[in-house]
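An overview of the molecular structure
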Amino acid sequence: MPNTPNDPSRPAILLRDTRLLIGGEWTSARSGQTFESVDPSTGQVIARLARGGEADIDDAVAAARRAFEGPWRGTKPVERQRLLLAIADLIDRHREELAYLQSLEFGGPISVVRAGMSRPTGLLRFYAGLATAIHGETIENSLPGHFLSYALKEPIGVVGAITPWNGPLSVCITKIAPAIAAGCTVVLKPSEEASLAAVRLGELAVEAGVPPGVLNIVTGAGDAGAALAAHPGVDKLGFTGSTVTGQAIIRASAGNVKRLSLELGGKSPDIVFADADLDAAARGAAMAVFANSGQICCAGSRLLVERSIHDEFVERVAAVGRSLKIGHSLDPATQIGPLVSRKQLDRVCGYLDAGPREGAQLVSGGNRCDDDALRDGFFVPPTVFAGVRNDMRIAREEIFGPVISAIPFDDADQALAIANDTPFGLGAGVWTRDVKKAHRVSGALRSGTVWINCYLQMDPSIPFGGYRMSGYGREFGTRHIDEFMQLKSVVLDMG
Ligand code: ADP
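Rules used in this analysis
- Going along each chain's sequence as written, the residues are numbered from 1 onward.
- For this predicted model, a pLDDT threshold of at least 70 governs which residues receive local features, and a threshold of 80 or more governs which side-chain atom pairs are given and counted, while totals over whole chains, interfaces and linings are taken from all residues.
- Each side-chain value is derived from all of the structure's non-hydrogen atoms; neither hydrogens nor water enter the calculation.
- Strands here mean DSSP runs of E at least two residues long; helices mean DSSP runs of H or I at least four residues long; both are numbered from the N terminus.
- Exposure categories follow from relative accessible area, calculated using a 1.4 Å probe and restricted to protein chains: below 20% of the type maximum is buried, above 50% is exposed, and the middle band is partly exposed.
- We call two residues in contact when some of their heavy atoms are within 4.5 Å.
- Here the expected length of a helix is defined as 1.5 Å per residue gap, with one fewer gap than residues.
- The reported arc concerns the directions from the helix axis to the C-beta atoms and nothing else.
- Any pair of N or O atoms that falls within 3.5 Å is considered a polar contact. Within protein, one atom must be able to donate a hydrogen and the other to accept it, and sequence-neighbouring residues count only if both atoms are side-chain atoms.
- Segmentation of the chain into domains, including their bounds, is taken from an automatic or database domain assignment.
- Throughout, the accessible surface (probe 1.4 Å) given up by two parts as they are put together, summed over both, is called the buried area.
- What makes a salt bridge here is a side-chain nitrogen of Lys or Arg within 4 Å of a carboxyl oxygen of Asp or Glu, nothing more.
- When residues are sorted by character, Ala, Val, Leu, Ile, Met, Phe, Trp, Tyr, Cys and Pro go into the nonpolar class, Asp, Glu, Lys and Arg into the charged class, and all the rest, Gly among them, into the polar class.

1. Thoughts on the environment of Pro382
By the element assignment, Pro382 lies in the loop between strand 15 (361-364) and strand 16 (383-386). The class of Pro382 is buried, set by a relative accessible area of 6%. Setting aside its immediate chain neighbours within four residues, Pro382 contacts Phe290, Gly321, Leu324, Ile326, Ile336, Ser364, Gly365 and Pro402.

Here it is in structure tokens:
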């Protein structure tokens, strides 16, 4: 698809115009409207995409329904497995191009995105395995007489998927692959900030032999997402994004009581005890937020540090941040790329102002990068605030930028009280050499994942999702596929 330059640090260029994938055809939006994709490292336009709206969502859902009720319905698990494996093989063959597209469109450093390219293929191969491992159960019952009872699993139908920008390929695959494995059909609405990799994924899926209508892709903005969330023809919707949008989706979904799974925001605590391996903890706690410029839903953005080591440890974390090279996402030396958009830059800068206003002390970073090379892009340096209270906005609200709010604590009980005092519950970290303390604290943390002496370690086999306002449903793990299936009970009178 793109003119991938041999030298990936070459300035961004217009890649091409892209279209919508509906019923196996690439079409313009019915309205004829388009929108621009911007390189966040430079602010330059890199592509023009079809702007799908309600009418295009209608068409895509109709195509998905036709496919679901057509020959796709009879597809054997092994055939669905073959399709997913074929997509994975094609991604392997186009790794460099897909890494380039993602890095360019959302600003992830190319070295990091490249190193992460085994994740989308790993996900596809994991779900390909699950496609041939679906089974219902026979059930012993106590009915009077002789009745055979069993439960069948059936694909739920047409699945809507709405994704964010912060890991474009993997997050789209996390929504699409289990749906295809289960025998569903899909309408994907990728983020307007990062749709190029999703469109390329659609092309590869077609090349792999995914039948028309099984995967539809409607690029566009929030109105297209809202139309999908409200659509009566969608049986289940998977969403990853902000809690506010998740709440709008819950309301929109009520019309046909569609099943939802929501992976929403977080304000995850990362708890460092004085007895931890502090070298590992400093690096781990820094990258738990600075990776991806903090645009990670489970970023450990509230750094809780035992008081006896607080000042020294916070300085070490800040030093890790200062050592990271900020630059154009396609520069192989870059460790910190830009935020995805001007809107996100303004949002994060609002929190950089709010921190000191509420009494937090700035330890490092704190202002948008404005030197010549970075001025046109949306760059914020790794930032650390100390002396933060858990009731400040920078401790309560998701910033989605490279900003750490450090909070001291005196003992494990106080750490837990602060950690759990949040409306969210997505990730959490515990750093200690004391195994009993690690177990006690991780058991008492109210979050979907707890990392002990590590952070952000994720694998297709390990379930991921939120407590409380971080959402519901779990992605990954063997049970993820159940989110895409109905359970039908059958009772047969054998008398
Ligand atoms: P952000 O604004 O930070 O990008 P969102 O949660 O709003 O985060 O966006 C995530 C995804 O949700 C994007 O694909 C976006 O287009 C979509 N979206 C935005 N608003 C709505 C909505 N009201 N209903 C459904 N999807 C939406």
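Picking up where we left off.
2. Describing helix 1 (residues 54-69)
The terminal C-alpha atoms of helix 1 lie 22 Å apart, and with 16 residues this matches the ideal 22 Å at 1.5 Å per residue to within 8%. For helix 1, the set of buried residues is Asp56, Ile57, Ala60, Val61, Ala63, Ala64, Ala67 and Phe68. Looking straight down helix 1, one finds its buried side chains confined to an arc of 160°; they lie on one side. Of the residues in helix 1, the exposed ones pointing more than 90 degrees away from the buried face are Glu54, Arg66 and Glu69. For helix 1, the secondary structure elements touched by its buried residues are strand 2 (20-22), strand 7 (147-155), strand 8 (158-162), strand 9 (185-189), strand 10 (215-217) and helix 8 (222-230).

3. With respect to helix 10 (residues 278-290)
Over its 13 residues, helix 10 runs 18 Å from end to end, which matches the ideal 18 Å to within 8%, given 1.5 Å per residue. Residues of helix 10 that are buried include every one of Leu278, Ala281, Ala282, Gly284, Ala285, Ala286, Ala288, Val289 and Phe290, and no others. Contacts from the buried residues of helix 10 go to strand 13 (269-272), strand 14 (302-306), helix 11 (310-323), strand 16, strand 17 (403-409) and strand 18 (429-431). The N-cap residue of helix 10 is Asp277: its side-chain oxygen and the backbone nitrogen of Asp279 are 3.2 Å apart. Where helix 10 terminates, the next one or two residues include Asn292, which has phi positive at roughly 55°.

4. Thoughts on the side chain of Ser293
Checked against the element boundaries, Ser293 lands in the loop between helix 10 and strand 14. A distance of 2.8 Å separates the side chain of Ser293 from the backbone oxygen of Gly337, its partner in a polar contact. Discounting chain neighbours no more than four positions away, the residues touching Ser293 are Ile336, Gly337, Pro338, Leu339, Phe400, Gly401 and Pro402.

5. Some thoughts on the domain arrangement of the protein
Often, the extent of an interface is quoted as the loss of accessible area on bringing the components together. For the protein, the domain assignment lists domain 1 (12-264 + 471-489) and domain 2 (269-459). Taken over C-alpha atoms, the centre of domain 1 sits 30 Å from the centre of domain 2. Counting residues at the interface gives 25 residues for domain 1 and 28 residues for domain 2. Where domain 1 abuts domain 2, roughly 2100 Å² becomes buried across the two surfaces, and 57% of that area is made up of carbon and sulfur atoms. The largest share of the area that domain 1 buries against domain 2 comes from Pro40, Ser41 and Trp165, three residues that together contribute 25% of it. If you look at where domain 1 meets domain 2, you find 0 salt bridges. Along the contact surface separating domain 1 from domain 2 lie 8 residue pairs in polar contact (both at pLDDT 80 or more). Ranked by residues supplied to the side of domain 1 that touches domain 2, first place goes to helix 3 (residues 95-106) with 5 residues. Class assignment of the residues belonging to the side of domain 1 that touches domain 2 gives a composition of 10 nonpolar, 9 polar and 6 charged.

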